[in-house]
Amino acid sequence: MRRRLIGLAVLALLAAACTAGGGSSGPVQTVDPNANHAPVTLTVWSDFSARELGVVTDGLKLATKKYPWLTVKHVGSKDDQAIQRAINGGTPPDVAISFTPDNAARYCATGAWQDLNPYLQSSKVDKNQVWPAGVFSYTSFEGKQCALPMLTDAYGLYYNTDLFKAKGISSPPKTMSELTDMAKKLTEYNPDGSIKVAGFVPLFGFYGSTTVDTMSHAFGAKWYDDQLKPTLSTDPNWAKMFQWQKSMVDAIGYAKLQKFAAKLGGANSEFSAQNGFETGKIAMMLDGEWRNAFIEGDKSKVNYATAPFPVDDAQSDLYGSQQIGGTIAGIPKGVKHSAESWLLLQFMTTDDNYLTTIAHGLKNVPSTVTSLKDPQLQADPKFKTFLDVFANPKSTFKPITPIGQTDTDLLGTFGEKWQAGQVKDLQAGLKSIDQQISKQLQLG
């Protein structure tokens, strides 16, 4: 599921949540999956809708087939605000699914979602063996495992093989300098000097996958130190990333890039058949695994391949990794059937048949180590890129904090001003963002 962003409103709702956790530090009650059980109905809330809602609902039938005494009601179009309101009102769903991993830290800190460590221990689930290490960057906070991954997203490079061949390029770039050179070579101009085909569009805020956080991973830039102090102005990799991005923008021309983006339909074209890559107007693009499904669904005629996204020339060990992070699921505080909720949640996050079934339907990456080996998913080289990126030990989500996505919002706004030439002193600007994030953390 492609990452969906929500605003600051949910933070206020989360702040209102009772800080008393629904879990406990000792043994918890669990259900013997092999024992007879009285009929129970559990409700799962998610923000899935339309076709995707049907895919997950059908997948959940595997749970009721395995546990005939269980009835599962899946309710879609329930975002984080709706879930939090239900928790605050004492009527939470039995299992909650969120599209916003940024909020996991707040769920952990407030106790709005229960700490699952006691359940994992009681059910003898070794989380370090079940999931790749990267998932814990967006499902746990300060020792509390208040969420588990269901499906996930991974990012990589899409490239137009016809355009590569026409320019005599035989393989995708692995470093940022190679990306720069290829992007310039692949960019074509109309007689009036406007862009006809963009080798790569480096604009923040154009398509949702090219963001300060996804780009920062390619440079190994660190958001925080061990004391959760922002490090945007003290980690030199941030300045290196911004300087590289601005040099790319300047090499083509900010005004030209803006006009090109507008002609494509701007950000509105990202998830439509007018997407610049799908129409052959963009030669290389940073995007998630879901783009494969859109290319197929939109009946695009683009010939393409995928590869890991290039990385900083000085940090070649990062190649093969990128940002990851997708749907998370947990047990809200105050559920009436906590043992049964855990049985269902455990099924939804560890059962390989369920995970691969919905992964096939949603065209997302399944999250367990064993489900990543699914033959059908592995057989598609264009999709396998993203399975490998997710499994890479250096792939992570950005650090989560109790302020949710406020840090990325602040830096994203700064990035858009920077690329437009409105920031005169990069270091001073990054220091200001550090201070703003620190203030939000103190308020939170």
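Throughout this document, residue positions are counted from 1 along each chain, in the order its sequence is written. Only residues with pLDDT of at least 70 are given local features in this predicted model, and only at 80 or more are side-chain atom pairs given and counted; all residues enter the totals for whole chains, interfaces and linings. With hydrogens and water excluded, all non-hydrogen atoms of the structure serve as input to the side-chain values.

Quick look at the overall build of the protein chain now. The helix and strand labels rest on DSSP assignments: H or I over at least four residues marks a helix, E over at least two residues marks a strand, and numbering proceeds from the N terminus. On a plain count of helices and strands, the protein chain comes out with 18 helices and 12 strands. Across its three principal directions, the C-alpha atoms of the protein chain cover 75 × 45 × 35 Å. Three labels apply to residues, based on accessible area from a 1.4 Å probe with only protein chains included: buried if under 20% of the type maximum, exposed if over 50%, partly exposed otherwise in between. Classification of the 444 residues of the protein chain by burial places 58% in the buried group. Residue pairs at least 24 apart in sequence account for 77% of intrachain contacts in the protein chain once pairs closer than 6 positions are excluded. Per-residue accessibility takes into account occlusion by the displayed protein chains alone, with areas from the Shrake-Rupley method and a 1.4 Å probe. Here the protein chain displays about 18,000 Å² of accessible surface, and carbon together with sulfur accounts for 51% of that area. When charges are counted, Lys and Arg are positive and Asp and Glu negative, with His and the chain ends excluded. One atom stands in for each charge, and that atom is NZ of Lys, CZ of Arg, CG of Asp or CD of Glu. A gap of 4 Å separates the mean positions of the 43 positive and 42 negative side-chain charges of the protein chain. Here a residue-residue contact requires only that any non-hydrogen atoms of the pair lie within 4.5 Å.

The next subject is the state of the cysteines. Whenever a pair of cysteine sulfur atoms sits within 2.5 Å, that pair is classed as a disulfide. Tallying each qualifying case throughout the model produces 1 disulfide. Put simply, Cys-108 and Cys-146 are joined by a disulfide, and their sulfur atoms are 2.0 Å apart. The chirality of the disulfide connecting Cys-108 with Cys-146 is left-handed, given an S-S dihedral of about -85°. In this pair, Cys-108 is assigned in helix α4 (residues 104-110) and Cys-146 in the loop between α6 (127-130) and β4 (148-149), connecting sequence segments 38 residues apart. As far as burial versus exposure is concerned, Cys-108 and Cys-146 are alike and both buried.

Phi at Ser-77 is positive, roughly 55°, even though this residue is not glycine. Mapped onto the fold, Ser-77 is located in the loop between β2 (70-75) and α3 (80-88). In the Ramachandran plot, Lys-124 falls in the positive-phi region, its phi being about 55° despite a non-glycine side chain. Relative to the elements of secondary structure, Lys-124 occurs in the loop between α5 (117-122) and α6. Classification of Lys-124 as exposed rests on a relative accessible area of 75%.

This part takes up the packing of helix α2 (residues 50-66) against helix α14 (residues 352-362). Helix axes are fitted to C-alpha atoms over the stretch in contact, other axes to C-alpha atoms as well, and angles between N-to-C directions run from 0 to 180 degrees. Between α2 and α14, whose axes approach to 9 Å, the crossing angle comes to 160°. Looking at the two axes, α2 sits roughly antiparallel to α14. When the axes of α2 and α14 are compared, the crossing they make is right-handed. Of the residues in α14, those touching α2 at Arg-51, Glu-52, Val-55, Val-56, Gly-59, Leu-60 and Leu-62 are Asn-353, Tyr-354, Thr-357, Ile-358, Gly-361 and Leu-362. Per-class residue counts for the contact of α2 with α14 are 7 nonpolar, 4 polar and 2 charged. Roughly parallel means an angle under 35 degrees; roughly antiparallel, over 145; roughly perpendicular, 65 to 115; everything else is oblique. If you view the pair so one helix is near and one far, a crossing is left-handed when the near helix is turned anticlockwise from the far one by less than a right angle, and right-handed when it is turned clockwise. Each residue is assigned to one of three groups, with Ala, Val, Leu, Ile, Met, Phe, Trp, Tyr, Cys and Pro labelled nonpolar, Asp, Glu, Lys and Arg labelled charged, and all others, Gly among them, labelled polar.

On to α3. Counting buried residues along α3, 7 of its 9 residues qualify, which places the element largely inside the surrounding structure. All buried positions along α3 are accounted for by Asp-80, Gln-81, Ala-82, Ile-83, Gln-84, Ala-86 and Ile-87. Among the residues of α3, the N-terminal cap falls to Asp-79, whose side-chain oxygen and the backbone nitrogen of Gln-81 are separated by 3.2 Å. One or two positions beyond α3, positive phi appears at Gly-90, with a value near 80°. Polar contacts, as used here, are pairs of N or O atoms within 3.5 Å; protein pairs need one atom able to donate a hydrogen and one able to accept it. Residues neighboring in sequence count only if both atoms are side-chain atoms.

What follows deals with the sheet that holds strand β11 (residues 328-330). With respect to topology, 5 strands assemble into an open sheet ordered β2-β1-β3-β11-β4, the strand pairing being mixed. Each edge of the open sheet carries a strand with a single partner, namely β2 and β4. Should DSSP find at least two bridges between two strands, the strands are regarded as paired.

Time to look at the pattern of salt bridges. For this document, the term salt bridge refers to a Lys or Arg side-chain nitrogen within 4 Å of an Asp or Glu carboxyl oxygen. Following the criterion strictly, the structure yields 10 salt bridges and no others. Asp-407 is paired through a salt bridge with Lys-398; the nearest N and O atoms lie 2.9 Å apart. Each member of the pair, Asp-407 together with Lys-398, is buried. Bridged by salt links that share partners, the residues Glu-278, Asp-287 and Arg-291 form one connected network.

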